[in-house]
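# Structural description and commentary
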Amino acid sequence: MRKSGRTPLLRAKKIEKALGIEEIYLKLEGANPSGHKYDRIAEVLVRDAIATGFKEILVDGSYCYIQSVMLFAKIEELGVKVPLFKQEKWKLSRLDKSNLFDLRDKKDAFTRLQLRDIAEKNNMYLMCEWNLNNIISHLVLEDMMKECLERMDFKVDTITLQLGYGYTLSSVYSGLIKSWVDEELSDMPQLLCGSSPAWQEVLDQYANKMNIGKMESKLIENNENNSEKKDLQLSEKHSDIASSIMKIIMETRVEMIGIEEDELKQAVTMLKELEGVMISRKEAYAMAAFIKKTKQGLLSNGKHLIILNDARSEIEVCEIKSFSDKSKEDLIEMTRTWLATYNDSVGETVDAIEKAMKEGFLLIAKRNGEEQGICIVVSMGFKRFIPTYHLAYIGVKPGNKGRGVASELIGRAIELTDGNLSLHVDLDNKRAKNLYRKMGFNHVYDRMIYNHPNE
């Protein structure tokens, strides 16, 4: 079962109210194992490395990307090497020296093609962040787009994301086209993309160099800072990458939105204070772009999706190891209150809690120290007949719909049981069934209980 994906899609009601927009949905990719969207790609590429017979990976890119690759390579027991070029002191300080492939003796004009040659010469699988416009990466991120569209009933007016190297943008566009061709999506959403002014200058320089003028996509800039912008040298590496990104921008007809540092800070603050969502400043371009366009009065009501690369709900999952950590009475009250529509008796709830404390475990989800959800898992005592563990109850405090509380609890339960876990779900509870399927559960059999005639 894949460990990445299945991330929360949060309805941001407080941000809706603050911005005066009808419906806003946040895709929280920080809920992936290493905390980034990169996990979706890294996990599948590592599997591809294994399938093609490689024992070692050569990876280069941002620190977050390298960390994601290292995580899944370690799980699969593959070696990892990271090229160390001149003027890359950050790799020396942030990565283990045993993982570094020292290339500091190479010339400054070292190209990606030469890096590929080094990988081939040393029989290493190459995974460069700037070279992810491949079939595997596209399929993985198209799957993310499909996941969002299904949960939004294939009705979305705008999709806002971060530029980066362009592979997410091209994948999202491909996923939209596929859904449109399959007649699942009646109208194509408007694509919006936030990026740094530095990248925009590189792209503009490339456009001038190729005599194709400025980007056809509308570029929203902060004119107050235009006079302060410095000229950038379009290096060989930037020229190559800019060429690829320019092609993607033209094909997708995305609207580019330039974001300044103060706008990133505003986006980070709004997400944290209004929705309890944590995001790094460097990955807040999509949120900042949406806020900027909204405040300019250029977005109408409708359904809007914002893809956030490393955003996560501010939720902590804790294990309750004894009734001294949390009293039995409190646990019963939480379970009964947060599963108000469930028909089990108090006695059944007490039995499950007591058994979980002795032969199983209890999990509590918290946000800012406040309890938001509970999960009760009991051991059934079997090794092979049925799954060893059974998820007896899971309840979420009202007001947390779509915030990833249940997903965090279930994900932790899967980790603690190594996936040897079953659960029951009401036949009419379609929402719960959809969540469980996305978390990796399958419908195997129906539970039937004897109705005693004397009861």
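The preceding data block contains the structure.
Our subject in this report is the structure included herewith. Because the structure is predicted, anything quoted here is derived from the model rather than measured.

## Focus: helix α11 (residues 285–295)
- The buried count for α11 comes to 10 of 11 residues, which makes it a mostly enclosed element.
- Looking only at α11, the buried set comprises Tyr285, Ala286, Met287, Ala288, Ala289, Phe290, Ile291, Lys292, Lys293 and Thr294.
- Residue Gly297 follows α11 closely and has a positive phi angle near 75 degrees.

## A closer look at the sheet that holds strand β4 (residues 79–84)
- Strand order in this open sheet of 4 strands is β5-β4-β3-β6, and the pairing throughout is parallel. The sheet terminates laterally at β5 (100–102) and β6 (125–128), the two strands that pair on one side only. Neighbour-to-neighbour, the strand axes of the sheet open up by a mean angle of 30 degrees, direction not taken into account.
- The strands touched by helix α2 (residues 38–51) within the sheet are β3 (56–60) and β6, with β6 carrying the most contacts at an inclination of about 165 degrees.
- On top of the sheet, helix α3 (residues 63–75) reaches β3, β4 and β6; it is set at about 165 degrees to β3, its chief contact.

## Some remarks on the nonpolar core
- Counting 51 residues, the largest nonpolar core has Ile57, Val59, Met127, Ile159 and Leu305 as its most contacted members.
- Excluding anything up to four places from it in sequence, Ile57 contacts Val46, Ala49, Val69, Ala73, Leu78, Gly79, Val80, Lys81, Met124, Tyr125 and Met127.
- The next biggest cluster of nonpolar side chains, apart from the first, holds 29 residues, and it includes Leu19, Leu271, Ile279 and Ile306.

## Details of the sheet that holds strand β14 (residues 316–320)
- If you trace the 5 strands from one edge of the open sheet to the other, you get β14-β15-β16-β17-β18, paired in mixed fashion. Across the chains shown, the open sheet's two edge strands, defined by having one partner strand only, are β14 and β18 (421–423). Direction aside, the axes of adjacent strands within the sheet are offset by 30 degrees on average.
- Taken together, the 8 bridges between strand β15 (residues 360–367) and strand β16 (residues 370–379) define a ladder with antiparallel strand orientation. Across the sheet, Ile364 pairs through a bridge with Ile374, a residue of β16.
- Most of the contacts of helix α13 (residues 346–358) go to β16, to which it runs at about 80 degrees, and overall it touches β14, β15, β16 and β17 (389–396).
- Packing of helix α14 (residues 405–417) onto the sheet brings it into contact with β14, β15, β16, β17 and β18, and relative to β15 it is tilted by some 145 degrees.

Calculation notes
- Residues numbered from 1 in each chain as written.
- Predicted model: local features only at pLDDT ≥ 70, side-chain atom pairs only at ≥ 80, totals over all residues.
- Heavy atoms only, no water.
- Buried < 20%, exposed > 50% of the residue type's maximum accessible area, 1.4 Å probe, protein only.
- Helix = DSSP H or I, 4+ residues; strand = E, 2+ residues; numbered from the N terminus.
- Pairing = 2+ DSSP bridges.
- Axes fitted to C-alpha atoms, helices over the stretch in contact; angles between N-to-C directions.
- Contact = heavy atoms within 4.5 Å.
- Core = buried A, V, L, I, M, F, W, Y, C linked by side-chain atoms within 4.5 Å.

In short, shape yes, function no, at least from these values alone.
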